[in-house]
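Chains, contacts and geometry: an overview
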Amino acid sequence: MEQLALTWGPSRKTYTVAELNTRIRELLGMEFNDVWVAGEISGTKNAASGHCYFTLKDHEAQLRCVCFRTSLRYLKFKPQDGVAVLARGHIDVYEARGEYQLLVDALEPQGHGALQFAFEQLKKKLAAEGLFDPARKRPIPRFPRRIGIVTSPSGAVIRDITQILSRRFPGLHLRLFPALVQGDGSSEAVVRGIEYFSNSKWADVVIVARGGGSLEDLWTFNEEPVARIIAASSVPVISAVGHETDFTIADFVADLRAPTPSAAAELVICTQEQVIDQIGVLEHKMMQSARYRLAMAAGRLHTLGVERAAAVVRHNLGRLQQRIDELDYRLRGSINLVNKATRQRLDDLATRLRSLDLRLRFAAARRRLDAAETTAIQLIKIRMTRSHGRLDSLVAHLTQLSPLRILDRGYSIVTNEKGQIVKDPAEAPAGSDIAVRLARGQIAAKVR
């Protein structure tokens, strides 16, 4: 009779390490397939592969997390240390180290919305790079002839802009680059539009416009690629997104922010009537100046007495007046050309003025003046020294020849009553008065 082997206790099942980790991953994956975890981000590391690794922690525990590149690119904001978030994902096991981790598919900051947090995060980043610096913003041309517009071709925005520009300044060249301004692919479309006008150099200025909406509706203009292409554009850009109270990243980077698309059409160029009025004022001043110069010339000719040329002068003045009238008619017919030439000259002068530093020229002139003053003082001193030397020599020679030096040796000069110098006794007979001049003073005497 065959005996049966009896086993006491449970049967033993042996796993390899890999098998056990795989089993644990399957169990955790089924149990925690879609979970939300609240915690604070710590130890963020961005790998060269494009994946992001970080840790979620609270005051009692921590959880390792990984966000793969395919999920990271769709996050509204990037993981940052110290930020309290809600992370959505599923639990997985990294079998090589036997550690479980949360594979993150979405992140939301606690306390405020993800979009607002991403807005502040990108704003701080671009401000640190200097993209909001007023010094880098370019001036908007005062009289642009070609205006590029990047917006939706079917919205009310393009109609408002074209109507206002047609009313304010007929004859402008407008070119629309149709672009999505909301939803998937909108930021890429706006970037392509700005790149088109920047590379083609067709437009003098570009208007990027969209109507009002919520933060989500306007998010296209808070994307980093849009901000960077505006900053890199070779053409000045006007941002006209939303209503007056709406602010986007594009507003801070653009060369000019318009509160509304309609306001952008009013800011990009003045009315044609204003240009005509300004030209009229300049024309009136030119006429007054010409008449004044002609009157002054006529007065000078009359003062000089050139009567014979009076008839010729009157004839020439008449021709000049006729020429002025002709120029007046031509000026009225070529307003745009005159305005463009004047603006070009003003821009050239402004460029030249900025390139010249008058302080350096004044300093050089001051140094030359100081050197000339020092040289002049030295020459004057030399000439005075030479003059004093010659004067001292003449004084010494004159002193040697002076009769007063003879008197110092004890001699005297005797003059008679007539004031003549006595050289013979007969010139001073007895009883006459004489005057004896000594070296110091004189003596009155009588001859006996």
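Refer to the preceding data block for the structure.
Here's a quick rundown of the structure. In this text the structure is predicted, and so the values were computed from the model without any measurement. (Residues numbered from 1 in each chain as written. Predicted model: local features only at pLDDT ≥ 70, side-chain atom pairs only at ≥ 80, totals over all residues. Heavy atoms only, no water.)

Notes on the side chain of Asn222
- Within the element layout of this structure, Asn222 appears in the loop between β8 (205-210) and α6 (224-232).
- Separated by 2.8 Å, the side chain of Asn222 and the backbone nitrogen of Ile249 make a polar contact.
- Ignoring anything within four residues of it in the chain, the contact list for Asn222 reads Phe119, Leu122, Leu215, Thr248 and Ile249. (Helix = DSSP H or I, 4+ residues; strand = E, 2+ residues; numbered from the N terminus. Polar contact = N/O pair within 3.5 Å; in protein donor to acceptor, adjacent residues only side chain to side chain. Contact = heavy atoms within 4.5 Å.)

Some thoughts on the pairing of strand β1 (residues 35-46)
- Bridging between β1 and strand β4 (residues 84-94) involves six bridges; their strand directions are antiparallel. Opposite Glu40, over in β4, you have Ala84 as the bridge partner.
- Of the strand pairs in this sheet, β1 and strand β2 (residues 52-57) are connected by five bridges, and their pairing is antiparallel. Among the inter-strand pairings, Asn46 is bridged to a residue of β2, identified as Cys52. (Pairing = 2+ DSSP bridges.)

Observations regarding the pattern of salt bridges
- A full pass over the atoms with the stated rule returns 13 salt bridges.
- Ionic pairing is found between Glu129 and Arg228, a salt bridge with its closest N-O pair at 2.9 Å. Of the two residues, Glu129 is situated in the loop between α3 (114-128) and β6 (146-151) and Arg228 in helix α6; the sequence distance between them amounts to 99 residues.
- With a relative accessible area of 29%, Arg228 lands in the partly exposed category.
- The partner of Arg228 in a salt bridge is Glu224, with the nearest N and O atoms 2.9 Å apart. Taken together, the residues span about one helical turn, with Arg228 and Glu224 both in helix α6 at a distance of four residues. (Salt bridge = Lys/Arg side-chain N within 4 Å of Asp/Glu carboxyl O. Buried < 20%, exposed > 50% of the residue type's maximum accessible area, 1.4 Å probe, protein only.)

What about the sheet that holds strand β13 (residues 442-446)?
- Read from one edge to the other, the open sheet built from three strands follows the order β11-β12-β13, with strand pairing classed as antiparallel. In this open sheet, the two edge strands, each paired with only one partner strand, are β11 (413-415) and β13. Across the sheet, the mean angle from the axis of one strand to that of its neighbour is 25 degrees, orientation sign disregarded.
- Sheet topology note: the β11/strand β12 (residues 433-437) ladder contains three bridges and is antiparallel. Bridging across to β12, Thr415 finds its partner in Ala435. (Axes fitted to C-alpha atoms, helices over the stretch in contact; angles between N-to-C directions.)

A look at the sheet that holds β4
- Here we have five strands rolled up into a closed barrel, ordered β1-β2-β3-β5-β4, and mixed in their pairing. Along the sheet, successive strands turn relative to each other by an average axial angle of 50 degrees, direction set aside.
- Docked against the sheet, helix α1 (residues 17-31) engages β4 and β5 (99-109), running at close to 140 degrees with respect to β4.

Points about the nonpolar core
- Phe54, Leu102, Leu107 and Ile230 are the most contacted members of the largest nonpolar core, which totals 52 residues.
- Those residues in contact with Phe54 that lie beyond four places of it in its chain are Ile41, Ser42, Gly43, Thr44, Leu63, Arg64, Cys65, Cys67, Pro79, Val104 and Leu107. (Core = buried A, V, L, I, M, F, W, Y, C linked by side-chain atoms within 4.5 Å.)

Examining a nonpolar patch on the surface
- A surface patch of nonpolar side chains, amounting to about 260 Å² of accessible area, comprises Tyr15, Leu20 and Ile24.
- Of note, Tyr15 is situated in the segment before α1.
- Since its relative accessible area comes to 42%, Tyr15 is described here as partly exposed. (Patch = residues over 30% accessible without salt bridge, like charges linked within 9 Å, V, L, I, M, F, W, Y side chains within 5 Å. Areas by Shrake-Rupley, 256 points an atom, 1.4 Å probe, with all protein chains shown as cover.)

Concerning the pairing of β2
- With antiparallel pairing between neighbouring strands as the criterion, β1 and β2 make up a hairpin whose turn holds five residues, including Gly50 at a positive phi of roughly 100 degrees.
- Here six bridges tie β2 to strand β3 (residues 62-67), and the two strands are oriented antiparallel to one another. Considered in β3, the bridge of Tyr53 is made with Val66.

A word on the packing of aromatic side chains
- Enumeration according to the criterion identifies four aromatic pairs in this entry.
- Seen in terms of ring centroids, Phe177 and Tyr196 are 5.7 Å apart; in terms of plane orientation they differ by 35 degrees. Their pairing is tilted. On the criterion of sequence distance, the pair formed by Phe177 in strand β7 (residues 173-178) and Tyr196 in helix α5 (residues 186-200) is long-range, its members being 19 residues apart.
- On the basis of relative accessible area, Tyr196 is assigned to the partly exposed category, the value being 33%.
- A centroid spacing of 5.0 Å and a plane angle of 70 degrees characterise the contact between Tyr196 and Phe197, whose relative ring orientation is edge-to-face. (Phe/Tyr/Trp six-rings, centres within 6.5 Å; stacked < 30°, edge-to-face > 60°.)

Some points on unusual backbone geometry
- Located in the positive-phi region is Lys201, a residue other than glycine, with phi close to 60 degrees.
- Along the chain, Lys201 falls in the loop between α5 and β8.
- Lys201 gets classed as exposed once you look at its relative accessible area, which sits at 54%.

Re the state of the cysteines
- One pass over the full model with this rule turns up zero disulfides.
- Free of any disulfide, Cys52 has its nearest neighbouring cysteine sulfur in Cys67, separated by 6.6 Å.
- In this structure Cys65 is not part of a disulfide, and its nearest cysteine sulfur, from Cys67, lies 9.6 Å away.
- Assessed through its relative accessible area of 3%, Cys65 is described here as buried. (Disulfide = S-S within 2.5 Å.)

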